[in-house]
Amino acid sequence: MSRRSLTLLIASVSVIAALAIAVLVPVPYVILGPGPTLNTLGKDSSGQPIITIVGHPTYPTIGHLNMVTVGYQGGPGVNINIFSALAAWLNPHEAVVPESELFAPGQTQQQTQQQDTQQMTSSQEDAVAAALTELVVVQTQPGFPAAGVLQAGDVITAVDGKPVTSQSSLTTLVGAHPAGSTLTLTIVRHGRTETVQVGTKEVAGRPVMGVQVTEQYKFPFIVKFSVGDIGGPSAGMMFALGVIDKLTPMNLTGGKFIAGTGEIEASGKVDPIGGIQQKMVGARNAGATIFLAPAANCADVKGAIPAGLQVAKVSTLSQAVTDLEALKSGGSVPSC
């Protein structure tokens, strides 16, 4: 065999060996991509409502309030090679991350699934708590408009038809009108829903009614969720919005296709999540035109928003409700 032929043979064998190694030897990475998206106002693939409320009247809903997910390839027991990783890295809709970001050392996929399921259950409980927060009157202040109108124990549920979800949302709704305005409050008194008129007066440059309130959580009826084997905590905000929309006649979507993500605390605070770029792509592919993103994720959102998708940033559940009301009427909202 000539030297040239030997050189070509060695080179060929080396290339084949390198290709074999690249194909057969796994790399410790996971590929993230857009996952399934479900309308919290709709039904799952078996026809079961995503949210079922038992023991309380509900209202018809229209439009979409979609929760979004991230799918992944790889992980313990599922190998990917360097070619798959490179192809995903070049795909603008996918991301390649170290396996250690999703799986703890020694953790199996089954253990991860169990953990995700527990997080999903916890997020549903927090979503219900956030959606069913009651604002109870502790006392009124003498000489202020609320005195003689509101009573200790009254539960304030809405101001001018807009739901009250926290102390901060009450302050925002009252502050939306100049001092001296008369507001229509929806309250629950001794188990009966009533409406009362309460004025405001200016104190320290802002309008107040003169009422002290406290938040409490009450679960007077059952809320069930059906999402199959989807896990994780990031659907909390969309679950809470779905519960609110079903329990009130306000129609949060106005018929629009809205999607979003965000872990929620029982207090209503919306926390950041992972994989938001892939979730935006999944939402847009499903038909969403508006996406609710945690404010703390805005740095991850910039430069990655799919064409035709408007991204609103939210920090609390009450802000999300206010933003949806504004969007429904054609108004503007804070965006990333």
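What you see is a predicted model, and the numbers here were worked out from it, not measured in a lab.

*Asks:* Would you explain the state of the cysteines in this entry?
*Replies:* Each disulfide consists of a covalent bond between the sulfur atoms of two cysteine residues. This model, assessed by the stated rule, comprises one disulfide. Residue pairing for C298: its cysteine sulfur links by disulfide to C336, the two sulfurs lying 2.0 Å apart. The sign of the S-S torsion, about -65 degrees, decides the handedness of the disulfide formed by C298 and C336: left-handed. Here C298, found in helix 7 (residues 298-301), pairs with C336, found in the segment after helix 8 (317-328); they are 38 residues apart in sequence, far enough to count as distant.

*Asks:* Is there a simple way to think about the environment of T186 in this case?
*Replies:* Locating T186 in the fold gives a position in strand 8 (residues 182-189). Separated by 27 residues in sequence, T186 and V159 have C-alpha atoms that sit 6.4 Å apart. T186 has contacts with V155, I156, T157, A158, T193, E194 and T195, leaving out every residue within four places of it along the chain.

*Asks:* Explain the packing of aromatic side chains here, please?
*Replies:* Describing an aromatic ring pair means giving the distance of the ring centres and the angle of the ring planes. Taken as a whole and assessed by the stated rule, the structure comprises one aromatic pair. Here F225 and F239 contribute two aromatic rings whose centre-to-centre distance is 4.8 Å and whose plane-to-plane angle is 55 degrees, an arrangement assigned as tilted. Linking F225 in strand 13 (residues 222-225) with F239 in helix 5 (residues 236-247), this pair joins segments that are 14 residues apart in sequence. The residues F225 and F239 share a single accessibility class, namely buried. If you follow K201 out to its NZ or CZ, it ends over the ring of F144, 4.7 Å from the centre.

*Asks:* What exactly am I supposed to notice about the confidence of the model for the chain here?
*Replies:* Interpretation of the predicted coordinates at a detailed level should be avoided for regions scoring low in pLDDT. This prediction gives the chain a mean pLDDT of 84; 89% of its residues lie at or above 70. Contacts from residues 17-24, a stretch scored under 50 in pLDDT, to residues over four places away or in other chains number seven contacts.

*Asks:* I'm lost on the side chain of S318 in this one. Help?
*Replies:* Mapped onto the elements of the fold, S318 is located in helix 8. With relative accessibility at 11%, the residue S318 sits in the buried group. Sequence-distant contacts of S318, defined by excluding residues within four places in its chain, comprise T165, S166, S168 and S169.

*Asks:* Please explain unusual backbone geometry as it appears in this structure.
*Replies:* With glycine set apart, most residues show a phi of negative sign, and most peptide bonds adopt trans. With phi around 50 degrees, D160 is a residue other than glycine that occupies positive phi space. For D160, the location among the structural elements is in the loop between strand 6 (155-159) and strand 7 (162-163). When its relative accessible area of 34% is taken as the criterion, D160 is described as partly exposed. Its identity is not glycine, yet A204 carries a phi of approximately 55 degrees, on the positive side.

*Asks:* What exactly am I supposed to notice about the nonpolar core here?
*Replies:* Within soluble globular proteins, side chains that are nonpolar tend to cluster in buried spots. Of all hydrophobic cores here, the largest spans 42 residues; its most connected members are M67, F239 and L241. Those elements giving two or more residues to this core turn out to be strand 2 (51-54), strand 3 (64-74), helix 3 (109-131), strand 13, helix 5, strand 17 (290-294), strand 18 (310-314) and helix 8. Discounting chain neighbours no more than four positions away, the residues touching F239 are T40, I50, I51, M67, M120, S123, Q124, A127, F225 and V227.

Rules used in this analysis
Residues numbered from 1 in each chain as written. Predicted model: local features only at pLDDT ≥ 70, side-chain atom pairs only at ≥ 80, totals over all residues. Heavy atoms only, no water. Disulfide = S-S within 2.5 Å. Helix = DSSP H or I, 4+ residues; strand = E, 2+ residues; numbered from the N terminus. Contact = heavy atoms within 4.5 Å. Phe/Tyr/Trp six-rings, centres within 6.5 Å; stacked < 30°, edge-to-face > 60°. Buried < 20%, exposed > 50% of the residue type's maximum accessible area, 1.4 Å probe, protein only. Lys NZ or Arg CZ within 6 Å of the ring centre and 35° of its normal. pLDDT = per-residue confidence, 0-100. Core = buried A, V, L, I, M, F, W, Y, C linked by side-chain atoms within 4.5 Å.

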